[in-house]
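Observations on the three-dimensional arrangement
Residues per chain are reported as follows:
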Amino acid sequence: MTQKVAVLGTGKIGEALLSGMIRAGWTPADLLVTTRRQERAEELHTRYGVTPVTNPEAAKIADTLILTVKPQDMGTLLDELAPHVPADRLVVSGAAGITTAYFEERLAPGTPVIRVMTNTPALVDEAMSVISAGTHATADHLAHTEEIFGAVGKTLRVPESQQDACTALSGSGPAYFFYLVEAMTDAGILLGLPRDKAHDLIVQSAIGAATMLRDSGEHPVKLRENVTSPAGTTINAIRELENHGVRAALIAALEAARDRSRALASGNN
Ligand SMILES: NC(=O)C1=CN([C@@H]2O[C@H](COP(=O)(O)OP(=O)(O)OC[C@H]3O[C@@H](n4cnc5c(N)ncnc54)[C@H](OP(=O)(O)O)[C@@H]3O)[C@@H](O)[C@H]2O)C=CC1
Ligand SMILES: O=C(O)[C@@H]1CCC=N1
């Protein structure tokens, strides 16, 4: 039987997922989208050949409903959606913070719910998506969700108690790397390099470092030590990073992101 999947609230993350599923071979006719604005619905239809529907129509037609609205919009979406969702639909939330229990309290008893935190590298099929089952989700539901998110990168099952931490690490993670590239490019300007050259040098260094981290199997400390020559240049930079508390700042930053994910759990703030 053909499985129909609906992405409800197809913004940045919803579109990244949808486009990846199509690249991975899903048939556009089996994919439904909902949007808040008509022009956005038309844009998605033109771009991918997917079918725009209303939220209640999605609940009726699709086997799997993937909810990718902002956490603050989830309450309104559920108020509209919940009366139309038969208990055999799989409901997948892609929203930060909101717990599977939040959905289970508002949907028909027994409705399977799965919580996923992906990230924007889904756009280039390099996402990291962490997946947790709610009370009624089965092994088949988890496998189906892995198949969907596997279209845009890696997946990992985690206990739901770790979702807020994962949101801080990998959900928001790409932003920290973009921020670092931005700051290091500014340093290049300070050192007299043209911006475009500084950008290229930093981006290629980031790609090289990320590839080594993924492929070498070496610990990051070992990889960094290999760059850090005695009485050389790198150790002078490392000393400044330590003097400015960059490691402590990163730890505090991710803790703040984790705390914000927890605070979003009510879904309406
Ligand atoms: N951005 C990121 O890096 C990541 C985001 N997430 C999570 O993904 C979710 C989406 O984030 P993101 O894609 O950035 O946000 P976007 O604002 O780009 O996407 C959400 C979309 O939902 C639409 N929408 C809101 N309410 C409704 C509704 N009732 N019916 C139909 N459509 C609706 C919005 O419409 P309109 O355009 O009119 O506002 C918008 O297009 C969030 O919950 C976030 O926590 C997870 C991982 C990473
Ligand atoms: O900033 C946010 O809330 C979303 C969730 C993870 C990444 N972006």
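About the cut-offs
Residue numbering note: each chain is counted from 1, following its sequence as written. Chain letters and ligand numbers both follow the written order, the letters beginning at A and the numbers at 1. Only residues with pLDDT of at least 70 get local features here, since the model is predicted, and only at 80 or more are side-chain atom pairs given and counted; chain-wide, interface and lining totals rely on the full set of residues. Proximity of a residue to a molecule or strand is defined by its backbone-placed C-beta atom lying within 6 Å of that partner. Secondary structure is summarised from DSSP: a helix means a run of H or I of at least four residues, a strand means a run of E of at least two, and numbering begins at the N terminus for each. Each residue is assigned to one of three groups, with Ala, Val, Leu, Ile, Met, Phe, Trp, Tyr, Cys and Pro labelled nonpolar, Asp, Glu, Lys and Arg labelled charged, and all others, Gly among them, labelled polar. Given a helix with a known number of residues, its expected span is that number minus one, times 1.5 Å. Labels follow a simple rule on C-beta atoms placed from the backbone: if 20 or more others lie within 10 Å of a residue's own, it is buried; if 12 or fewer, it is exposed; otherwise it is partly exposed. UniProt positions are given in the numbering used here, feature names are shortened, and annotations may be inferred rather than shown by experiment. Two residues form a contact once the distance between their C-beta atoms, set from the backbone, is within 7 Å. One number per residue, pLDDT, summarises how confident the predictor is, and it ranges from 0 to 100. We define the nonpolar core as any set of buried residues of the types Ala, Val, Leu, Ile, Met, Phe, Trp, Tyr and Cys, connected via C-beta atoms lying within 7 Å of each other.

The subject of this paragraph is the site of ligand 1. Near ligand 1 there are 27 residues, and of these Gly9, Gly11, Ile13, Ala95 and Ala96 occur at the shortest range. Mapped by element, the contributors of at least two residues to the shell around ligand 1 are helix H1 (12-23) and helix H4 (71-81). Within the shell around ligand 1, the residues separate by chemical class into 8 nonpolar, 13 polar and 6 charged.

With that settled, consider the site of ligand 2. Residues in close proximity to ligand 2 include Ala96, Thr167, Gly171 and Ser172, which together make up its full environment. Looking at the shell around ligand 2, its residues break down into 1 nonpolar, 3 polar and no charged.

Residues spaced three or four apart along an α-helix face the same direction, because each turn holds 3.6 residues. For H1, which comprises 12 residues, the first-to-last C-alpha distance of 17 Å matches the rise-based estimate of 16 Å (1.5 Å per residue) to within 8%. Taken together, the buried positions of H1 are Ile13, Gly14, Glu15, Ala16, Leu17, Leu18, Gly20 and Met21.

Attention shifts here to the environment of Asp186. Here Asp186 is to be found in helix H8 (residues 173-190). Among the residues examined, Asp186 registers 12 C-beta atoms within 10 Å and is labelled exposed. Along the sequence, Asp186 and Pro112 sit 74 residues apart, while their C-alpha atoms lie 48 Å from each other.

Moving on, we get to the UniProt feature "binding site: NADPH" (unreviewed entry) in the chain. Using the residue numbers shown here, the UniProt feature "binding site: NADPH" (unreviewed entry) corresponds to Asn55. Note on placement: Asn55 falls in helix H3 (residues 55-61). Overall, the presence of 22 C-beta atoms within 10 Å leaves Asn55 in the buried class. When near neighbours in sequence (up to four residues on either side) are disregarded, Asn55 contacts Leu8, Thr34, Leu77, Glu80 and Leu81.

So, on to the confidence of the model for the chain. Taken residue by residue, the chain gives an average pLDDT of 97. The fraction at 70 or more is 99%. Across the assembled chains, the prediction reports ipTM 0.99 with pTM 0.96.

Time to look at the UniProt feature "domain: Pyrroline-5-carboxylate reductase catalytic N-terminal" (unreviewed entry) in the chain. Per the UniProt entry, the sites bearing "domain: Pyrroline-5-carboxylate reductase catalytic N-terminal" (unreviewed entry) are residues 4-97 in this numbering. This span, residues 4-97, is 44% helix and 19% strand, and a straight line between its end C-alpha atoms measures 26 Å.

Here Gly75 lies in helix H4. Residue Gly75 is classed as partly exposed on the basis of its C-beta count, with 16 C-beta atoms lying within 10 Å. Remark: the alpha-carbon pair of Gly75 and Arg106, spanning 31 residues in sequence, is separated by 9.4 Å.

Moving on, we come to the nonpolar core. Here is a general trend for soluble globular proteins: nonpolar side chains tend to be buried in one another's company. The biggest cluster of nonpolar side chains holds 51 residues, and the ones touching the most others in it are Ala6, Leu8, Leu17, Leu65, Ile66, Leu67 and Val91. The element that contributes the greatest number of residues to this core is H1, accounting for 5 residues. Residues within four places of Val91 in sequence aside, it is in contact with Leu65, Leu67, Val85, Phe103, Leu107, Thr111, Pro112 and Val113.

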